[in-house]
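One letter stands for each residue in the lines below.
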Amino acid sequence: MSLREVKKIVKAIQTSDGAGVKLKRSMGVPELDFIDPFLMFDEFGSENKDDYIAGFPPHPHRGIETVTYMLAGRFKHEDSTGSKGEMGPGSVQWMTAAGGIIHSEMPIMKEGKLHGFQLWVNMPAKLKMSRPSYQNIEPKEIPEFKDKEKKIKIIAGEYKDKIGPAKGFVDPIYLDIELEKEKNFSYTIPHSHNVFIYLVYGEIKIGSKAHDKLKNSTLISLTNGSSLKISSAKKSQFLIIAGKPIGEPIARGGPFVMNTKQEILKAVQDYHSGNFVQK
Ligand code: FE
């Protein structure tokens, strides 16, 4: 069995999005454009309300899925399909924007800690203009594996006999792992999948080769292989995110990700002429 080794280490950069929400972006940045099928990865988190209170007022998406995973704080969301709801600690919203959605995500907390992640997953060309849909997943629907060494939340994919509720076109795996100090974790991921690790806090080592120390808020892309070995120098929390690459051209235009420049222009035109939303 070949081990997946560290390919690239990307320290998240501080940026802001929406109406000025501070976040740390580690994919969709000059250092790392994408890891097919993933297009962007953000960690948002602060104890200071000024960093998040402005939220994400209504904005469009087309051609992608946005996956929000909350660890702390509370947001309400609303969109052009008529769907609305709240996201609290431990919940996941897997939104398939497909042909077009306009949504808002606003904090309903006035103070306290906000912490979470947003991942953008690309969609295959033949589905980009399909109907939008949603998976709103409550914390109690997410299975958890626990022993003395680790705690694993299975959002998508499997661990032991537990299966995550989130489904996607790229056969996604999304695990949230807390590993105690000086423990080992191994996991088998299909050869077909690209994988990255996001280290939330702590210090870990991946694979068998020497590499720079991996610490807080770092994204690590991995080489191909079948098995993954991670050990912790300190108590650590990290996400394992994997999916089947799509292998199609990527044209980006802010919140739209299509295959060609023309399709991006069409998305902008549709948005401005009021023909954007697919119901
Ligand atoms: Fe959005």
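It should be noted that the structure appears before, not after, this text.
Residues numbered from 1 in each chain as written. Predicted model: local features only at pLDDT ≥ 70, side-chain atom pairs only at ≥ 80, totals over all residues. Heavy atoms only, no water.

A. Spatial organisation of the packing of aromatic side chains. One pass over the structure, following the stated rule, counts 16 aromatic pairs. Relative to Tyr198, the ring of Phe117 has its centre 6.0 Å away and its plane inclined at 70 degrees; by these criteria the two rings are edge-to-face. Of this pair, Phe117 sits in strand β11 (residues 114-122) while Tyr198 sits in strand β19 (residues 194-201); the two residues are 81 residues apart in sequence, bridging distant segments of the chain. Under the relative-accessibility criterion, Phe117 is labelled buried at 0%. A network of ring pairs unites the aromatic residues Phe38, Phe41, Tyr69, Phe117, Tyr174, Phe196 and Tyr198 as a single cluster. (Phe/Tyr/Trp six-rings, centres within 6.5 Å; stacked < 30°, edge-to-face > 60°. Helix = DSSP H or I, 4+ residues; strand = E, 2+ residues; numbered from the N terminus. Buried < 20%, exposed > 50% of the residue type's maximum accessible area, 1.4 Å probe, protein only.)

B. Looking closely at the coordination of the iron ion. Of the protein atoms, only His59 (NE2), His61 (NE2) and His103 (NE2) coordinate the iron ion, at distances of 2.1 to 2.2 Å. Every donor residue of the iron ion comes from the same chain, spaced as H-x1-H-x41-H. With His59 in strand β5 (residues 56-61) and His103 in strand β10 (residues 101-107), this pair connects stretches of sequence that are 44 residues apart. His59 gets classed as buried once you look at its relative accessible area, which sits at 18%. The class for His103 is buried, based on a relative accessible area of 1%. (Donors = N, O, S within 2.8 Å, 3.2 Å for Na, K, Ca; no water.)

C. Structural detail: the environment of Gly100. Tracing the backbone shows Gly100 in the loop between β9 (92-96) and β10. With a relative accessible area of 0%, Gly100 lands in the buried category. The sequence separation of Gly100 and Phe256 amounts to 156 residues, and the corresponding C-alpha distance is 8.9 Å.

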